[in-house]
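Chains, contacts and geometry: an overview
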Amino acid sequence: MLISTLELDTKLRAKAPGAYLFYGEEEYLKRHWLNMTRKSLVGDSDFAAFNHVIVNGGDLDAFEAELASLPMLDMLGTGHRLVELRDANFDKMSKAELERLCLALSDVGNTTALIYTLPSELSEGTKKKPSAPLAALMKVCSAVNFERQTPAKLISWLSRHFASNGCIADNDTCRALIDYCTADMFILSNEVFKLCAYARSRGQERVDASTVYKVCSPKKDFGSFDLSNALLEGNIPAALHVVDHMIRQKTRPEEIMVTIAKSYTELHLIKVLYESGMNKSDISAALKMNEYALSLRLRAASRFTTKRLEKIISLCYDADNSIKSAPVNKYYIIEELILQTEG
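Summary of the structure given here.

Reading the values: rules and limits
- Residues numbered from 1 in each chain as written.
- Predicted model: local features only at pLDDT ≥ 70, side-chain atom pairs only at ≥ 80, totals over all residues.
- Heavy atoms only, no water.
- Phe/Tyr/Trp six-rings, centres within 6.5 Å; stacked < 30°, edge-to-face > 60°.
- Helix = DSSP H or I, 4+ residues; strand = E, 2+ residues; numbered from the N terminus.
- Buried < 20%, exposed > 50% of the residue type's maximum accessible area, 1.4 Å probe, protein only.
- Salt bridge = Lys/Arg side-chain N within 4 Å of Asp/Glu carboxyl O.
- Pairing = 2+ DSSP bridges.
- Axes fitted to C-alpha atoms, helices over the stretch in contact; angles between N-to-C directions.
- Arc of directions from axis to C-beta.
- Contact = heavy atoms within 4.5 Å.
- Parallel < 35°, antiparallel > 145°, perpendicular 65-115°, else oblique.
- Left-handed = near helix turned anticlockwise from the far one by under 90°.
- Nonpolar A, V, L, I, M, F, W, Y, C, P; charged D, E, K, R; others polar.

Regarding the packing of aromatic side chains
Per the counting criterion, the structure on display carries five aromatic pairs. Relative to Tyr-213, the ring of Tyr-180 lies with its centre 5.1 Å away and its plane at 80 degrees, an arrangement referred to as edge-to-face. Of this pair, Tyr-180 sits in helix 8 (residues 171-180) while Tyr-213 sits in helix 10 (residues 209-215), and the two are 33 residues apart along the sequence. In this structure Tyr-180 comes out as partly exposed when scored by relative accessible area, which is 25%. Pairing Tyr-264 with Phe-304 gives two aromatic rings, centres 6.1 Å apart and planes at 90 degrees, and the pair type is edge-to-face. Residue Tyr-264 is found in helix 13 (residues 253-275), and its partner Phe-304 is found in the loop between helix 15 (291-301) and helix 16 (306-325); the two are separated by 40 residues along the sequence. Just as Tyr-264 is buried, Phe-304 falls in that class too. A network of ring pairs unites the aromatic residues Tyr-28, Trp-157 and Phe-186 as a single cluster.

Structure below.
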């Protein structure tokens, strides 16, 4: 059945076991509630590693096996097991596989099963006539649709977001921000941070529409340049957001991987050269890179040790290999890689 986030919150507070389905376009809210679910059900105790399992690749055999496992009890004699299924493409799943999955979800015992989907993995259909996979899953899951928020809800959320960053913005300013940039909450969150930093640097606390047009980025297509910049800034949410837009623009996963691998390989090379004693001018000449671009990369490289950059490059190699050889959701592999690159 379809439930609201308020109902989801009530269930999580009660630590009610069961099967949940997260779907819809608004990735910001979906990820927020994913983290809330994890925190509520398994927390960060020593037993969390045993009671929280993520099954990748849409592996139904592994998912069913994990659902059958019992939770490990903590010091208080309580235990709750959370099993997530990721990377399952329901639009390509056979009828037999879907029936098998629904049967497993119909009785999960004291375990909580969570199916997390990307828009590209589960077609919604319409409210009156959901797609066949969604209709089947809604019969056995508490389903939450994280859809794009209405302007009214976004304005209320933006007002609180401005306040939490030490600034004030009226409803007209919030609406101008939505119209000028996007209704996507990942982008809006970053733009609010940018606007508040700009206002505070000038000793102001109020943000108006003129500042929005002066500081913010208008709606646009995203590409490798935006992804590279987000990675250089260490802004993981922004990088994930750019990737989401590149997916919607149908950018090939191999092209996205090239950008990520190149960014970190470049940082590693620059860091090694700099630590070997070469100055900026020498590195700039050797790599045929202007000094401003080099300064940005040196600053980015300072967030990492050489060993950490080598590890990230190794992760890039593994991810690239999986994308080219394994039958998995290639975009999910990229998203997981970006999460693992945080300095």
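Comments concerning the pattern of salt bridges
Summed over the entire model, instances satisfying the criterion amount to 19 salt bridges. Ionic pairing is found between Glu-27 and Lys-30, a salt bridge with its closest N-O pair at 3.2 Å. Of the two residues, Glu-27 and Lys-30 are both situated in helix 2 (residues 27-41); the distance of three residues between them amounts to about one turn of the helix. Both residues of the pair, Glu-27 and Lys-30, count as buried. Glu-84 is paired through a salt bridge with Arg-38; the nearest N and O atoms lie 2.7 Å apart. With a gap of 46 residues between them, Glu-84 in strand 3 (residues 81-85) and Arg-38 in helix 2 connect regions that are remote in the sequence.

Describing the sheet that holds strand 1 (residues 18-23)
The parallel open sheet is built from five strands, whose spatial order is 2-3-4-1-5. At either end of the open sheet lies a strand with only one pairing partner, and these are strand 2 (52-55) and strand 5 (142-145). Each strand of the sheet is rotated relative to its neighbour by a mean of 15 degrees, with strand direction disregarded. Pairing of strand 1 with strand 4 (residues 111-116) involves five bridges; the strand directions are parallel. Across the sheet, Phe-22 pairs through a bridge with Tyr-116, a residue of strand 4.

Thoughts on the pairing of strand 1
Among the six residues of strand 1, six are classified as buried, and the element is accordingly described as predominantly covered. With burial as the criterion, each face of strand 1 is covered, one bearing Gly-18, Tyr-20 and Phe-22 and the other bearing Ala-19, Leu-21 and Tyr-23. Sheet analysis places strand 1 next to strand 5, joined by four bridges and oriented parallel. Paired with Tyr-20 across the two strands is Ser-142, which belongs to strand 5.

Notes on helix 1 (residues 5-13)
Residues three or four positions apart in an α-helix share a direction because the helix packs 3.6 residues into each turn. Among the residues making up helix 1, those that are buried are Leu-8, Asp-9 and Leu-12. End-on, the buried residues of helix 1 take up no more than an arc of 100 degrees, which puts them together on one face. Packing partners of the buried residues in helix 1 comprise strand 1, helix 2 and strand 5. Lys-15 occupies a position one or two residues after helix 1 and carries a positive phi of about 50 degrees.

Side note on the packing of helix 9 (residues 185-201) against helix 12 (residues 236-248)
Across the interface, helix 9 lies against helix 12 with an axial gap of 9 Å and an inter-helix angle of 140 degrees. The orientation of helix 9 relative to helix 12 falls into the category oblique. The two elements helix 9 and helix 12 meet at a crossing, and its hand is left-handed. Judged by residue contacts, Phe-186, Ile-187 and Asn-190 of helix 9 engage Pro-237, Ala-238, His-241 and His-245 from helix 12. In terms of residue class, the contact of helix 9 with helix 12 is made up of four nonpolar, three polar and no charged.

Let's talk about the environment of Leu-82
Take Leu-82: it is sitting in strand 3. Under the relative-accessibility criterion, Leu-82 is labelled buried at 0%. The sequence separation of Leu-82 and Ser-325 amounts to 243 residues, and the corresponding C-alpha distance is 29 Å. Those residues in contact with Leu-82 that sit more than four places away from it in its chain are Thr-37, Arg-38, Leu-41, Val-42, Asn-51, His-52, Val-53, Thr-112 and Leu-114.

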